[in-house]
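The lines below spell out each chain.
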Amino acid sequence: MDWAGWAVFGLLATGALTMVMIAAQMAGLTRLDLPLVLGTLVTPDPDHARVAGFFIHLAAGQIFALGYAATFALLGQATWWLGGLLGLLHVAVALTVVLPLLPGVHPRMASHRAGPSYRAALEPPGLLALNYGIQTPAVAVAAHLVYGVMLGLLFQVR
């Protein structure tokens, strides 16, 4: 396992994914603000939440990059298309399992079942995160494809 490569490549790929998501949000393609969603897990202040959420997102990206690296090592190859396939699997699980379950554990997110509470500051993402805009799934797929393809290419070069 190339530990230095994993650490650097994970940061680069997570940075690229984050840039795609933020650019899409700024362009009005999605309302999903991952740093805000993640940061409000630990603090109610939106400005502090975005900073905390950015670092939580970087850490999560490193953990996922470790999974990609382990998969490449297990298969004995790293390619852009294999990274892309892993990115598609990653985003499919995120959009269909992780995000819909988030209201059940997020202290500041409303729930479809229980509705908003006095502490809810965020709306629930819903299936495929469609509550954050009709183009959100496409943006998430594009961002995760960038992440996976980038990791595949970087590990292939190593």
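Scroll up to find the structure.
Below, the structure is looked at part by part. (Residues numbered from 1 in each chain as written. Predicted model: local features only at pLDDT ≥ 70, side-chain atom pairs only at ≥ 80, totals over all residues. Heavy atoms only, no water.)

Details of the overall build of the chain
Line of reasoning, step 1. A tally of helices and strands in the chain yields 5 helices and 0 strands.
Line of reasoning, step 2. Counting helices and strands in the order they occur from the N terminus, the chain gives α-α-α-α-α.
Line of reasoning, step 3. What you see for the chain is a C-alpha radius of gyration of 16 Å, in line with the 15 Å of a compact globule of 158 residues.
Line of reasoning, step 4. Over its C-alpha atoms, taken along the principal directions, the chain stretches across nearly 50 × 30 × 30 Å.
Line of reasoning, step 5. Counting over 158 residues, the chain shows a buried share of 42%. (Helix = DSSP H or I, 4+ residues; strand = E, 2+ residues; numbered from the N terminus. Rg over C-alpha atoms; globule rule 2.2 N^0.38 Å. Buried < 20%, exposed > 50% of the residue type's maximum accessible area, 1.4 Å probe, protein only.)

A short note on empty space enclosed by the protein
Line of reasoning, step 1. Going through the model one piece at a time under the given rule, you end up with 1 cavity of 30 Å³ or more.
Line of reasoning, step 2. Elements represented by at least two residues in the lining of the largest cavity include exactly helix 1 (3–26) and helix 2 (34–39).
Line of reasoning, step 3. If you tally residues by element for the lining of the largest cavity, the top one is helix 1, at 4 residues.
Line of reasoning, step 4. The class makeup of the residues in the lining of the largest cavity is 5 nonpolar, 3 polar and 1 charged. (1 Å grid on protein atoms, 1.4 Å probe; cavity = no way out; pocket = protein on both sides within 12 Å on 5 of 7 lines; lining within 4 Å. Points joined across faces, edges and corners; volume = space filled by probe spheres on them. Nonpolar A, V, L, I, M, F, W, Y, C, P; charged D, E, K, R; others polar.)

Examining the packing of aromatic side chains
Line of reasoning, step 1. All told, the structure shown has 4 aromatic pairs when counted by the stated rule.
Line of reasoning, step 2. Where Phe9 meets Phe155, the ring centres are 5.1 Å apart and the plane angle is 90°; that geometry is what we call edge-to-face. Taken together, the residues Phe9 in helix 1 and Phe155 in helix 5 (residues 136–157) connect sequence positions 146 residues apart. Accessibility classification places Phe9 together with Phe155 in one group, the buried group.
Line of reasoning, step 3. For the pair Phe72 and Phe155, a centre-to-centre distance of 5.7 Å together with 55° between the ring planes defines the contact as tilted. (Phe/Tyr/Trp six-rings, centres within 6.5 Å; stacked < 30°, edge-to-face > 60°.)

Some points on the nonpolar core
Line of reasoning, step 1. The biggest cluster of nonpolar side chains holds 32 residues, and the ones touching the most others in it are Met21, Val37, Phe72, Tyr132, Tyr147, Leu151 and Phe155.
Line of reasoning, step 2. Looking at this core, the elements with two or more residues in it are helix 1, helix 2, helix 3 (46–75), helix 4 (80–101) and helix 5. (Core = buried A, V, L, I, M, F, W, Y, C linked by side-chain atoms within 4.5 Å.)

Comments concerning the layout of surface pockets
Line of reasoning, step 1. In this model, the largest pocket occupies a volume close to 510 Å³.
Line of reasoning, step 2. Forming the walls of the largest pocket are 24 residues, and the residues nearest its centre are Leu34, Phe64, His90, Ala94 and Val98.
Line of reasoning, step 3. For the lining of the largest pocket, the secondary structure elements donating two or more residues are helix 1, helix 2, helix 3, helix 4 and helix 5.
Line of reasoning, step 4. Ranked by residues supplied to the lining of the largest pocket, first place goes to helix 4 with 7 residues.
Line of reasoning, step 5. Here the residues of the lining of the largest pocket sort into 19 nonpolar, 5 polar and no charged.

A short note on the packing of helix 3 against helix 4
Line of reasoning, step 1. Close contact between helix 3 and helix 4 brings their axes to 11 Å; oriented N to C, the two are set at 135°. Taken as axis vectors, helix 3 and helix 4 run oblique relative to one another. Crossing hand, helix 3 versus helix 4: right-handed. Facing Phe64, Tyr68, Thr71, Phe72 and Leu75 of helix 3, the residues of helix 4 in contact are Leu82, Gly83, Leu86, Gly87 and His90.
Line of reasoning, step 2. A breakdown of the residues in the contact of helix 3 with helix 4 according to their chemical character gives 6 nonpolar, 4 polar and no charged. (Axes fitted to C-alpha atoms, helices over the stretch in contact; angles between N-to-C directions. Parallel < 35°, antiparallel > 145°, perpendicular 65-115°, else oblique. Left-handed = near helix turned anticlockwise from the far one by under 90°. Contact = heavy atoms within 4.5 Å.)

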